[in-house]
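Coordinates in review
Take a look at the letters that make up each chain.
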Protein chains: 2
Amino acid sequence: MTPAGAGGGDRGPTLAVVGATGAVGTVLLSILSERKDIWGEIRLIASPRSAGRKLTVRGEEVEVVALGEAAFDGVDVALFDVPDEVSAQWAPVAAARGAVVVDNSGAFRMDPDVPLVVPEVNPHAVRNRPRSIIANPNCTTLSMIVAMGALHAEFGLGELIVSSYQAVSGSGKEGVDTLREQLGKLAGTELGTQPGDIRRAVGDLGPYPAPIALNVVPFAGSLKEDGWTSEELKVRDESRKILGLPELRVTATCVRVPVVTTHSLTVHARFENEVTVAQAHEILRAAPGVVLCDDPAAGDFPTPADVVGTDPTWVGRVRRSMDDPCALELFVCGDNLRKGAALNTAQIAELVAAESAA
Amino acid sequence: MTPAGAGGGDRGPTLAVVGATGAVGTVLLSILSERKDIWGEIRLIASPRSAGRKLTVRGEEVEVVALGEAAFDGVDVALFDVPDEVSAQWAPVAAARGAVVVDNSGAFRMDPDVPLVVPEVNPHAVRNRPRSIIANPNCTTLSMIVAMGALHAEFGLGELIVSSYQAVSGSGKEGVDTLREQLGKLAGTELGTQPGDIRRAVGDLGPYPAPIALNVVPFAGSLKEDGWTSEELKVRDESRKILGLPELRVTATCVRVPVVTTHSLTVHARFENEVTVAQAHEILRAAPGVVLCDDPAAGDFPTPADVVGTDPTWVGRVRRSMDDPCALELFVCGDNLRKGAALNTAQIAELVAAESAA
């Protein structure tokens, strides 16, 4: 990487955004425009059919260039927000051309030679990247892991049992469009009282195996071994890797709900040591990237409608298990497009840039 | 009670429905019209302002009479679907007049002299009713307890950790109206992407502390000690009482979702003995009142949109915990107005009638 200030005069390192026109890419451009500007050129890369489009970043119009080897010339850090197979093919190409890749797909997350990084939890991990690739966790894991990392540092985490309430934008634009279309068909009706009446009325299910409007769907991702879904296994495997606890007990049940953006999770967290709500409050209040929102008597608990569009992980409904003085129950919300995806990749890129400049 | 066939010739016992015009009462009249007709007179009772209205049950129009002492004259079994304070006042009056009361409010559920009955789980408990009152469990408990009772009978239940996805009809007509009005205001918009945009657009929150359309709300019922809600404590206390396990470890987090009718729950159930998915399938397939719907490869798992309007508890996504050979993960759906309320009271009434006739 060209250190900031070297070569290009006063200009910072060159950043590439691969998948700039997608749902996460769009949020990423907005986040890059809001954060401290440490970058020289920001190059926008997308599929050839999007090449030539102009997008705004940092208040300037930038023309999208087509994905290809030459697109990575001179790039210091490349953020990939593209499907798994595109990352699998092109991230190594970008790395071979000298870029550090921060990849938001599932292609490399469990590769032992690729660190899986959440800057508030394991920032040191960015330094050990033999493939020049750093992976960004799945949005469901990211929606809770910052809060869990802070509690783990104090109490020692022993087990997580989580249930998710996942937003449709986790399925991309197709998910959002499907929910809005189905809601349009159901608005003004009195459906939702007879078996299958919603299914018949909505017709097209989009990317989901059941209607998502006026419904919840206990299936996200693809089916893996023993009845688990890919999404549920990601929460387990990625939590273990990020926290550096390869034996951590983690059980997830992932459920899609009719919310546009912001994933919520209920968490049963068992620690090695006794916990109190007061201690947990103190830790969460002090934790970077976490907002404690826990005064239910005053109506204060996080909900997706209030959290969407914000950066932190919001935590509320903190209770100590009545059966186990070492366990806490929590309700956690995080914007799946921001901290759950674009924001975390931007933060990792900033870590890499800071380290190279140091 | 007048035994069937005695006194009134061939006529069965007299049944009263108190709260006949409410959300649960309406479903109850439909259920009474569908089930085997064992009743003589079915008397409909409601508040004085509803007196004189005519409702249809068993294909016949019946005039609603006003709640009062005389309304219970000659009643053998009285089903109460009214608010807690109305039950607290009037159930003892009906009992004193000779009726066996089956009460769906929260007024008597934890009274040690009142059995809390789920006919598939603890039918014997109806016999021990010193106050002549039998309580019907809360809809959230009822949505999973039939399946849990069947698994407990085989494996011995040690702990339940549940998260709910509760439908708005659990809050009565006001809940349903609120969801439909909010959805009407949001249809055709692109809201749900900025903090508070939904809250500003929907205006009236109805019975909820936050918007319920395009949102999930981690608060149901009222606030009790140590941050728990009344709904969460009901799941704990009632599960223990129904299963006859006063020390059972039970933790619930109750969340309202934008579904009209049918509660869903994720359940982490730990047993005293090792379990397998195959054994659990066998038990659930054979359990009365349970439908096993668990072939995710074929898209088979329960969702509220498919379960609503049906009687059984539907169970899917059965997995054995990867960390504990004694624990199962399940996703359970039950119509909160049918098995969760009206159906279970009708079943209890039938048990009482059968026992008296025997």
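Under an unreviewed UniProt entry, the name given to chain A is Aspartate-semialdehyde dehydrogenase, and the source organism is Streptomyces zingiberis. In its Sequence similarities (unreviewed entry) section, the UniProt entry covering chain A states "Belongs to the aspartate-semialdehyde dehydrogenase family." Check the Function (unreviewed entry) section of the UniProt entry for chain A; it says "Catalyzes the NADPH-dependent formation of L-aspartate-semialdehyde (L-ASA) by the reductive dephosphorylation of L-aspartyl-4-phosphate."

All names here are of chain B. Positive phi is not limited to glycine here, since Arg58 has a value of about 50°. With respect to the helices, strands and loops of the structure, Arg58 is situated in the loop between strand 3 (54-57) and strand 4 (60-63). Among the residues examined, Arg58 registers a relative accessible area of 26% and is labelled partly exposed. Its identity as a non-glycine residue notwithstanding, Leu214 has a phi of 50°, on the positive side. With respect to the helices, strands and loops of the structure, Leu214 is situated in the loop between helix 5 (197-202) and helix 6 (230-243).

For the rest of this paragraph, the subject is the packing of aromatic side chains. In the structure shown here, the tally under the stated rule is 9 aromatic pairs over all chains. Note on A:Phe155 and A:Phe271: the rings are 5.4 Å apart at their centroids and 65° apart in plane angle, and the pair reads as edge-to-face. Taken as a pair, A:Phe155 in helix 3 (residues 139-155) and A:Phe271 in strand 11 (residues 263-271) lie far apart in primary sequence, 116 residues in all. Accessibility classification places A:Phe155 together with A:Phe271 in one group, the buried group. Geometrically, the ring pair formed by B:Tyr165 and B:Phe331 is edge-to-face, given 6.2 Å between the ring centres and 65° between the ring planes. With a gap of 166 residues between them, B:Tyr165 in strand 9 (residues 157-165) and B:Phe331 in strand 14 (residues 327-334) connect regions that are remote in the sequence. Each of the two residues, B:Tyr165 as well as B:Phe331, counts as buried. Among the aromatic side chains, those forming a connected cluster through ring pairs are A:Tyr165, A:Phe331, B:Tyr165 and B:Phe331. Between the NZ or CZ atom of A:Arg319 and the centre of the ring of B:Trp228, over which it lies, the distance is 4.8 Å.

Okay, the UniProt feature "active site" (unreviewed entry) in chain A next. Residue and element names in this part refer to chain A. UniProt records the feature "active site" (unreviewed entry) for Cys139 and His263 in the present numbering. A compact arrangement is adopted by the annotated residues: their sequence extent is 125 residues, whereas the largest C-alpha distance between any two is 8.0 Å. With respect to the helices, strands and loops of the structure, Cys139 is situated in helix 3. When sequence neighbours within four positions are dropped, the list of residues in contact with Cys139 reads His263, Asn336 and Gly340. Relative to the helices and strands, His263 resides in strand 11. With near-sequence residues (within four places) excluded, His263 lies in contact with Cys139, Thr140, Ser143, Tyr165, Gln166, Ala167, Gly170, Arg256, Val332, Cys333, Gly334 and Asn336. One polar contact links the side chain of His263 to the main-chain amide nitrogen of Ala167, over a distance of 3.0 Å.

Before going further, it helps to examine helix 2 (residues 84-96) of chain B. All names here are of chain B. For helix 2, spanning 13 residues, the distance from its first C-alpha to its last is 18 Å, which sits close to the expected 18 Å at 1.5 Å a residue. At Trp90, helix 2 is deflected by roughly 30°, the largest bend along its length, and proline Pro92 occurs up to four residues later in sequence. Buried within helix 2 are the following residues: Ser87, Trp90, Ala91, Ala94 and Ala95. In the core, the buried residues of helix 2 are packed alongside strand 6 (77-80), strand 7 (100-103) and strand 8 (133-135). Immediately downstream of helix 2, the backbone of Gly98 shows phi near 105°, a positive value.

With that out of the way, let us pick up the relation of the copies chain B and chain A. You can overlay chain B on chain A at an RMSD of 0.0 Å; the transform is a turn of 180° with a shift of 0.0 Å along its axis. Both chain copies can therefore be described as sitting about a two-fold axis.

Right, let's talk about the pairing of strand 4 (residues 60-63) of chain A for a bit. Residues and elements named next belong to chain A. One ladder, built from 4 bridges, connects strand 3 (residues 54-57) with strand 4; its direction is antiparallel. When the bridges of strand 4 are listed, Val57 appears paired with Glu60. Counted between consecutive antiparallel strands, the loop separating strand 3 from strand 4 contains 2 residues, among which Arg58 sits at a positive phi close to 55°.

Turning to the state of the cysteines, a few remarks are in order. Residue and element names in this part refer to chain B. Per the stated rule, a full pass over the model turns up 0 disulfides over all chains. With no disulfide of its own, Cys333 lies 8.7 Å from the sulfur of Cys293, the closest cysteine sulfur. Cys333 gets classed as buried once you look at its relative accessible area, which sits at 0%.

The subject of this paragraph is the sheet that holds strand 9 of chain B. All names here are of chain B. Across the sheet, which stays open at both edges, the 6 strands sit in the order 10-9-11-14-13-12 with mixed pairing between neighbours. Both edges of this open sheet fall to strand 10 (249-253) and strand 12 (290-292), since each of them pairs with a single strand only. With strand direction ignored, the average angle separating the axes of adjacent strands in the sheet is 25°. Of the pairings in the sheet, the one linking strand 12 to strand 13 (residues 313-320) comprises 3 bridges and is parallel in character. In the sheet register, Val290 faces strand 13, and the bridge partner there is Thr313. Sitting on the sheet, helix 3 (residues 139-155) touches strand 9, strand 11 (263-271), strand 12, strand 13 and strand 14, and the angle it makes with strand 11 is about 30°.

In this assembly, 71 residues from chain B lie in contact with 71 residues from chain A. Roughly 5,700 Å² of surface becomes buried between chain B and chain A when both sides are summed, with 61% attributable to carbon and sulfur atoms. Here B:Arg236 and A:Asp323 are joined by a salt bridge, their closest N and O atoms 2.9 Å apart. Seen at the junction of chain B and chain A, the total is 34 residue pairs in polar contact (both at pLDDT 80 or more). Looking at the side of chain B that touches chain A, the element that brings in the most residues is strand 10 of chain B, giving 5 residues.

Residue and element names in this part refer to chain A. Their axes nearest at 9 Å, the elements helix 3 and helix 7 (residues 277-286) cross at an angle of 125°. In terms of axis orientation, helix 3 runs oblique to helix 7. Two packed elements cross with a definite hand, and for helix 3 against helix 7 that hand is right-handed. Touching Ala147, Ala150, Leu151, Glu154 and Phe155 of helix 3 are Gln279, Ala280, Ile283 and Leu284, all from helix 7.

Residues and elements named next belong to chain A. As recorded in UniProt, the feature "binding site: phosphate" (unreviewed entry) lies at Arg109. If you trace the backbone, Arg109 turns up in the loop between strand 7 (100-103) and strand 8 (133-135). Its relative accessible area of 6% is what places Arg109 among the buried residues. Ignoring any residue separated from it by four or fewer positions in sequence, one finds Arg109 in contact with Asn104, Val114, Leu116, Ala135, Asn136, Pro137, Asn138, Lys234, Glu238 and Lys241.

What counts, and at which threshold
Residues numbered from 1 in each chain as written. Chains lettered and ligands numbered in written order. Predicted model: local features only at pLDDT ≥ 70, side-chain atom pairs only at ≥ 80, totals over all residues. Heavy atoms only, no water. UniProt positions renumbered as here; feature names shortened; annotations may be inferred. Helix = DSSP H or I, 4+ residues; strand = E, 2+ residues; numbered from the N terminus. Buried < 20%, exposed > 50% of the residue type's maximum accessible area, 1.4 Å probe, protein only. Phe/Tyr/Trp six-rings, centres within 6.5 Å; stacked < 30°, edge-to-face > 60°. Lys NZ or Arg CZ within 6 Å of the ring centre and 35° of its normal. Contact = heavy atoms within 4.5 Å. Polar contact = N/O pair within 3.5 Å; in protein donor to acceptor, adjacent residues only side chain to side chain. Expected span 1.5 Å × (residues − 1). Bend = angle between axes of the 7 residues up to and from the residue. Least-squares fit on C-alpha atoms with pLDDT ≥ 70 in both. Pairing = 2+ DSSP bridges. Disulfide = S-S within 2.5 Å. Axes fitted to C-alpha atoms, helices over the stretch in contact; angles between N-to-C directions. Buried area = accessible area lost by both parts, 1.4 Å probe. Salt bridge = Lys/Arg side-chain N within 4 Å of Asp/Glu carboxyl O. Parallel < 35°, antiparallel > 145°, perpendicular 65-115°, else oblique. Left-handed = near helix turned anticlockwise from the far one by under 90°.

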